[in-house]
Amino acid sequence: MSKPPAKESHPGLFPPTFGAVAPFLADLDTTDGLGKVYYREDPSPSATQLAAQYVQRGFPEVSFQPISVVVVTWDSVAPYQAPSGNPAQRGQRNTFQAVLASSDASTYAIFLYPKGGLQFYTTFSKKDESQVPATVAFSQGLVGFFLKSDGAYNIFANDSKSLENLTRSSNSGHQGVWVFEIGSPATAEGVVQAEVNLGPDNGADYEGEVEDYDQMTTHFGLEDAATSSLPFKITKREDIEAYDVPRALSPRHEATEGSRSFQLPVEKFPQQQTQVIDVDEVEETGVVFSYTTDSQQTCANNRHQCSVHAECRDYNTGFCCSCVAGYTGNGRQCVAEGSPQRVNGKVKGRIFVGSSQAPIVFENTDLHSYVVMNHGRSYTAISTIPETVGYSLLPLAPIGGIIGWMFAVEQNGFKNGFSITGGEFTRQAEVTFVGHPGKLVIRQQFSGVDEHGHLTIDTELEGHVPQIPAGSSVNIEPYTELYHYSSSVITSSSTREYTVTDPEGAGASPSRTYTYQWRQTITFQECVHDTARPALPSTQQLSVDSVFVLYNQEERILRYALSNSIGPVREGSPDALQNPCYIGTHGCDTNAACRPGQGKTFTCECSIGFRGDGRTCYDIDECSEQPSVCGSHAICNNQPGTFRCECSEGYRFNDEGKCVAVVDQRPIDYCATGLHDCDIPQRATCIYTGGSSYTCSCLPGFFGNGRACQDVDECQPSRCHPDAFCYNSPGSFTCQCKPGYQGDGFRCVPGEVEKTRCQQEREHILGAVGAADTQRSRPPGLFVPECDEHGHYAPTQCHDSTGYCWCVDRDGRELEGTRTRAGLQPPCLSTVAPVVHQRPALPTSVIPLPPGTHLLFAQAGKIERLPLEGNTMKKAEAKAFLHVPEKIIIGLAYDCVDKMVYWTDISEPCIGKASLHGGEPATVVQQGLGSPEGIAIDHHGRNMFWTDSYLDRIEVAKLDGTQRRVLFDTDLVNPRSIITDPVRGNLYWTDWNRENPKIETSYMDGTNRRILAQDELILPNGLTFDPFSSQLCWVDAGTHQAECLNPNQPSRRKVLPGLQYPFAVTSFGKNLYYTDWMRNSVVAIDLTISSVTDTFHPHKQSRPYGITTILSQCPQGHNYCSVNNGGCTHLCLATPGSRTCRCPDNTPGVNCVERN
């Protein structure tokens, strides 16, 4: 290759005069600072080995070991736009890689296109001044010393169809990966492409939804620093799905070259995370790029990714989990051998029956399955299936057959589905009915074991099925099916027959036999680091010995029952298959494993945690039989087949798994930390005397021992002037001269004091009508304002004649919307601004948690409830609050008035809510969202605020989603967490803009915006505000620290360094609670001693997102929007000591009044 001449600096007709390797030749734009291009030469073994693996897949007959690779990454690059721009391409970004791997004898090019990585296929050509498609091609350039001529060149893609196919297909057997031989004697006439094509039975059209946050992060700009340091922010989900859901195979595209023709493969492959070699800045795998496990990925910091019934082992390239003896699974998920299993999930469908042009649609249908593992029998029931489609689904036993494969009885040396995948995989199947047009596609997502120990599954059915008359029965004979295994992919295909028997009296030919063709692809993640682990047989045979299908018309339940075993490929019924362990006639207990012997001999062995002869097994109560099994200071809880240890209050697990006291030997300044037992700051002060000692002293105006102080009544006897009134107050008193006297109360002389506005108005009205004399009656219809004891306008004013009442402000003006009819008085706030306490009403360390306080935290499509008692997380009582597996919940907030939980969901996207006491979830905001993340509630003003990291703005709306208004849409790049201080009327949020991260604040009406923290921030994720201490705290996933500050003071306090990957945080009293992506857990920090005090690992080992504190009662306090919406016609937005009335956006013609 050579440097392009100046006249060819922009892409033009191909081939160029210079040598070129072009994974995506087009005019690309990186001038906005987001798109970047990285390159490096990498001779490391991990890089060269992976490159060798890709080449080996594409060219199985070649032995190739590179000595170095060159990696070039185009990350989030934009299309070059014409001066007028192209609205259709606004926001679109492309990400792809090229890898050149070289040995002493040859060179190969590897092009990698991740899922969703190509969002545009044309750019504006500076040369042609028009939109032209990109090109994927190779060129030798001009060759020859004197008489130069065009060398060989190859064009593999140069139109939208072939370009779209780059992310969906492959020439090397791995979706999105393309391998070419470009430097060897064989390439003298042009490059040689790999030709590893899957056959028609092994490839399947993939049509899937984004189902976990690892994929969604790249779609919505939520990637983390540990995963990618590149600003990978692409389009909205609805735009991405155009690439994720191919509807038909692309036509074959013929590539051209100087001397030969190629056919670009179009076979589809099961969707899987495309592996892309890391650039230098990438620290961890897991989102789009997944090369190999980072050197930091060891058992030491990833043990939680293994099942509690598994052991973790480190290898040269990473770690692997493996189930211990007595358990089966893939190590990440393990269940006791022989124990019955339950599978729960949801089914939705859109099915055309027979020749009908109208589909039968059903959603949120329950699926439940019970598996007798030691028999290999699975019983599956799908409820509320409409009768119009129920009978026609009877032949589709494979819907439940996948569960039978997972727990099929294993012959020696062979593995069922759960042993291979741990119940975590994606399955896509295609059913073609012979003689019937169309096909049915089955998509299933298995998500492992949930917190209840049950496997979870989501199923989607779409397509056509032949009609089977109502009342018919279907019979399916026993069958066998071959499963083919390769790296992370399992495929199978077969042809099956089923017999339909019409209902009695239906005619002379009650029975007919039909045929359908079946093929499926299963994709999963396997651990590749244990190279010594025995390889799976490339082909296994699933034997289904009995099949039973039934549709219950009255209950509308579809039932499938199958008996399954897995073993070698054999013809007929060999003797080995007659062992009772394989055919399910052994009679072992449901909590036992059947161990086959020679011939037909076998033994029954109770599962781990059970005892008996194998034919009868009962649970072992480890807690009763081994009282000290958990050690001292621990509580043992027996569970079926196992037990669980929890440390007693005041103790925690150490690294050896023993319960040790929670102590800290360092001296503690109890006064500074708030751990003292002095009376509240309004009555007493704490005096630090060194070490861990302190004394308590009552403040002036109080008496007592400092721990309990009582008010001194200074008015008994009065300390005021004899001509003054004495008013006692907590810790103090005031003096006010009597009417006819003036002075400060301590000295009063005859004379009148200056009257207030209310008093002056009152006297003016009464004097004007001659009613100043209180003995005389007032004229009817006259309104005279009422003043309080200090001369201020009373907050509630009433008209004596009409009986109407209303609220007024500090100047006596009526607050609009507060007037009531005769006989009723509105609840009005004082016309004097509420007192804002700058110090806590109680020491935060001794604030008791109200009974019923707990945490809520999100894990993708689940919200879990974790009770708190004192400062302890009651882990044994943790349970699911909401399970919506189709959603990806990020932010959480709680309305303590209506007991309602609110959340943001980036999958639709939308904002939803659900009652804390149960009920169906509801959507409150669905339109005009990009990627809603943080959410916060003002329970006084009945408003919610949220951040949108795709639209880069902050919005406010009423709690029902109406009256939306954009507060900020400038100077925001990646706004994430947001929090309110309702009493003070302040708003706080984080912006993890990688170029300029910051924490900002404003009033709730959007005024007085300013930056609170900007230095020494990298990825400020979570934010929380404690109203008791006025402390604003945050967690930063880049600095790995928790920090706090008082918004009214400039100094920051580093609470705790060494956090792994915090995402969200909440607080109460002296504790911070944050969610951690690396630990997949909820972690408690004691602010007073700057130490982690407790950790909760949810049963579901997946990333936790938002977290919030749920209080049984609302905190004390109010703001100016608390009563009658602050007199506002629409949005009432609190500010310190006041409020602002604002109108919603885009509501012309609405009778709305804005005022400060």
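Quick caveat: nothing in here was measured; it's all calculated off a predicted structure.

**Considerations on the overall build of the protein chain**
1) Next: Broken down by element type, the protein chain carries 12 helices and 78 strands.
2) Next: Going through the 1156 residues of the protein chain one by one, you find that 52% of them count as buried.
3) Next: Taking the intrachain contacts of the protein chain between residues at least 6 apart in sequence as the baseline, contacts between residues at least 24 apart amount to 53%.
4) Next: About 50600 Å² of surface is accessible on the protein chain, with carbon and sulfur atoms providing 50% of the total.

**Some remarks on the pairing of strand S4 (residues 68-79)**
1) Next: Counting buried positions along S4 gives 11 out of 12 residues, so the element sits mostly inside the fold.
2) Next: Bridging between strand S2 (residues 28-29) and S4 involves two bridges; their strand directions are antiparallel. Counterpart to Asp-29 in the pairing with S4 is Ala-78.

**Overview of the state of the cysteines**
1) Next: Enumeration over the complete set of coordinates arrives at 22 disulfides.
2) Next: Bridging Cys-323 to Cys-334, the disulfide has an S-S length of 2.0 Å. Here the S-S torsion is close to -90°, and the disulfide linking Cys-323 with Cys-334 is therefore left-handed. Here Cys-323 is found in strand S18 (residues 318-323), whereas its partner Cys-334 is found in strand S20 (residues 334-336), with 11 residues between them in sequence.
3) Next: With a relative accessible area of 10%, Cys-334 lands in the buried category.
4) Next: Paired by a disulfide, Cys-798 and Cys-805 hold their sulfur atoms 2.0 Å apart. A torsion of 110° about the S-S bond marks the disulfide between Cys-798 and Cys-805 as right-handed.

**Remarks on the packing of aromatic side chains**
1) Next: One pass over the structure, following the stated rule, counts 31 aromatic pairs.
2) Next: Ring plane angle 40° and centroid distance 5.7 Å describe the contact between Tyr-670 and Tyr-694, whose orientation is recorded as tilted. A residue pair is termed long-range when its members are at least 10 positions apart, and Tyr-670 in helix H11 (residues 670-673) and Tyr-694 in strand S43 (residues 693-698) qualify at 24 residues.
3) Next: By relative accessible area, Tyr-670 is classed as partly exposed at 24%.
4) Next: Centre to centre, the rings of Tyr-988 and Phe-1025 are 5.5 Å apart; their planes meet at 15°, and the pair counts as stacked. Placement of the pair is Tyr-988 in strand S65 (residues 986-991) and Phe-1025 in strand S68 (residues 1020-1026), with a sequence separation of 37 residues.
5) Next: Overall, the relative accessible area of 9% leaves Phe-1025 in the buried class.
6) Next: Chaining the aromatic ring pairs together yields one cluster made of Phe-24, Trp-74, Phe-96, Tyr-113 and Phe-120.
7) Next: We note Arg-819 situated over the ring of Trp-806; from NZ or CZ to the ring centre the distance is 4.3 Å.

**Some thoughts on helix H12 (residues 757-768)**
Helical geometry note: an α-helix holds 3.6 residues per turn, so side chains three or four residues apart project in the same direction.
1) Next: The end-to-end C-alpha distance of H12 is 16 Å, a good match for the 16 Å that 12 residues give at a rise of 1.5 Å each.
2) Next: Buried residues of H12: Cys-758, Ile-765 and Leu-766, and no others. One side of H12 holds all its buried residues, which, seen down the axis, span an arc of 95°. Along H12, the residues that are exposed and aim more than 90 degrees away from the buried face are Arg-757, His-764 and Ala-768.
3) Next: Positioned one or two residues after H12, Gly-770 has a phi angle of 70°, which is positive.

**Some words on the confidence of the model for the protein chain**
1) Next: This prediction gives the protein chain a mean pLDDT of 79; 84% of its residues lie at or above 70.
2) Next: Confidence drops under a pLDDT of 50 for residues 198-295, and excluding neighbours within four residues, the segment shows 310 contacts in the predicted structure.
3) Next: Confidence over residues 833-846 falls short of pLDDT 50; this stretch has 40 contacts with residues more than four positions distant or in other chains.

**Re the UniProt feature "domain: EGF-like" (unreviewed entry) in the protein chain**
1) Next: Taking the UniProt record as the reference, the feature "domain: EGF-like" (unreviewed entry) is found at residues 577-618, 619-660, 667-710 and 711-749.
2) Next: When the span residues 711-749 is considered, its composition is 0% helix and 46% strand, and the gap between its end C-alpha atoms is 30 Å.

**What to know about the pattern of salt bridges**
1) Next: Applying the stated rule across the entire model yields 40 salt bridges.
2) Next: Across the salt bridge formed by Glu-481 and Arg-496, the nearest N and O atoms sit 2.2 Å from each other. Of this pair, Glu-481 sits in strand S29 (residues 479-486) while Arg-496 sits in strand S30 (residues 489-501), and the two are 15 residues apart along the sequence.
3) Next: Residue class for Glu-481 comes out buried when judged on its relative accessible area of 3%.
4) Next: Look at Arg-496 and you get buried, because its relative accessible area is 6%.
5) Next: Among the ionic pairs, Lys-755 bridges to Glu-763, the shortest N-O distance being 3.6 Å.
6) Next: For Lys-755, a relative accessible area of 26% puts it in the partly exposed group.

**Topic: the sheet that holds strand S75 (residues 1091-1096)**
1) Next: An order of S72-S73-S74-S75 is seen for the four strands of this open sheet, with the pairing classed as antiparallel. For this open sheet the edge positions go to strand S72 (1062-1068) and S75, each flanked by a neighbour on one side alone. Ignoring which end each strand starts from, the neighbouring axes of this sheet average 25° apart.
2) Next: Of the strand pairs in this sheet, strand S73 (residues 1071-1076) and strand S74 (residues 1081-1086) are connected by six bridges, and their pairing is antiparallel. Paired with Tyr-1074 across the two strands is Val-1083, which belongs to S74.

**Some points on unusual backbone geometry**
1) Next: Each neighbour pair has its own omega, and for Gln-716 with Pro-717 the value is -5°, a cis peptide bond.
2) Next: Relative to the elements of secondary structure, Pro-717 occurs in the loop between strand S45 (709-711) and strand S46 (724-729).
3) Next: With an omega dihedral of -5°, the bond running from Glu-908 to Pro-909 counts as a cis peptide bond.
4) Next: Tracing the chain through its elements places Pro-909 in the loop between strand S57 (900-905) and strand S58 (910-915).
5) Next: Of note in this structure, Ala-860 is not a glycine but carries a positive phi near 55°.
6) Next: With respect to the helices, strands and loops of the structure, Ala-860 is situated in the loop between strand S52 (854-859) and strand S53 (862-869).
7) Next: By relative accessible area, which is 14% here, Ala-860 ends up buried.
8) Next: The phi dihedral of Asn-1008 is positive, around 55°, even though this residue is not glycine.

What counts, and where the lines are drawn
Numbers given to residues run from 1 along each chain, matching the order in which its sequence is written. Two thresholds apply to this predicted model, a pLDDT of at least 70 for residue-level local features and 80 or more for giving and counting side-chain atom pairs, whereas whole-chain, interface and lining totals are computed over all residues. Only hydrogens and water are set aside; all other atoms, that is, all heavy atoms of the structure, feed into the side-chain values. Only DSSP runs of H or I reaching four residues or more are called helices, and only runs of E reaching two or more are called strands; each is numbered from the N terminus. Between buried and exposed lies partly exposed: a residue is buried under 20% and exposed over 50% of the maximum accessible area for its type, with that area taken using a 1.4 Å probe on protein chains only. Here, residues are in contact when the closest pair of their heavy atoms is within 4.5 Å. Here the accessible surface of atoms and residues is derived via Shrake-Rupley with a 1.4 Å probe, and residues count as covered only by protein chains that are part of the display. Two strands make a pair as long as DSSP finds a minimum of two bridges between them. The disulfide criterion used throughout: a pair of cysteine sulfur atoms within 2.5 Å. Pairing of aromatic rings covers Phe, Tyr and the six-membered ring of Trp, with a centre-to-centre limit of 6.5 Å; geometry is then stacked below 30 degrees between planes, edge-to-face above 60, and tilted otherwise. Note on geometry: a ring has a charge over it if NZ (lysine) or CZ (arginine) is within 6 Å of the ring centre and within 35 degrees of the ring normal. Expected helix span is computed as 1.5 Å times (number of residues minus one). In this description, the arc belongs to the directions extending from the helix axis to the C-beta atoms. Each residue carries a pLDDT score, the predictor's confidence in it, ranging from 0 to 100. UniProt positions are given in the numbering used here, feature names are shortened, and annotations may be inferred rather than shown by experiment. One side-chain nitrogen of Lys or Arg within 4 Å of one carboxyl oxygen of Asp or Glu is enough to make a salt bridge. Whenever a helix is involved, its axis is fitted only over the stretch in contact; in every case the axis is a line through C-alpha atoms, and angles between N-to-C directions fall within 0 to 180 degrees.

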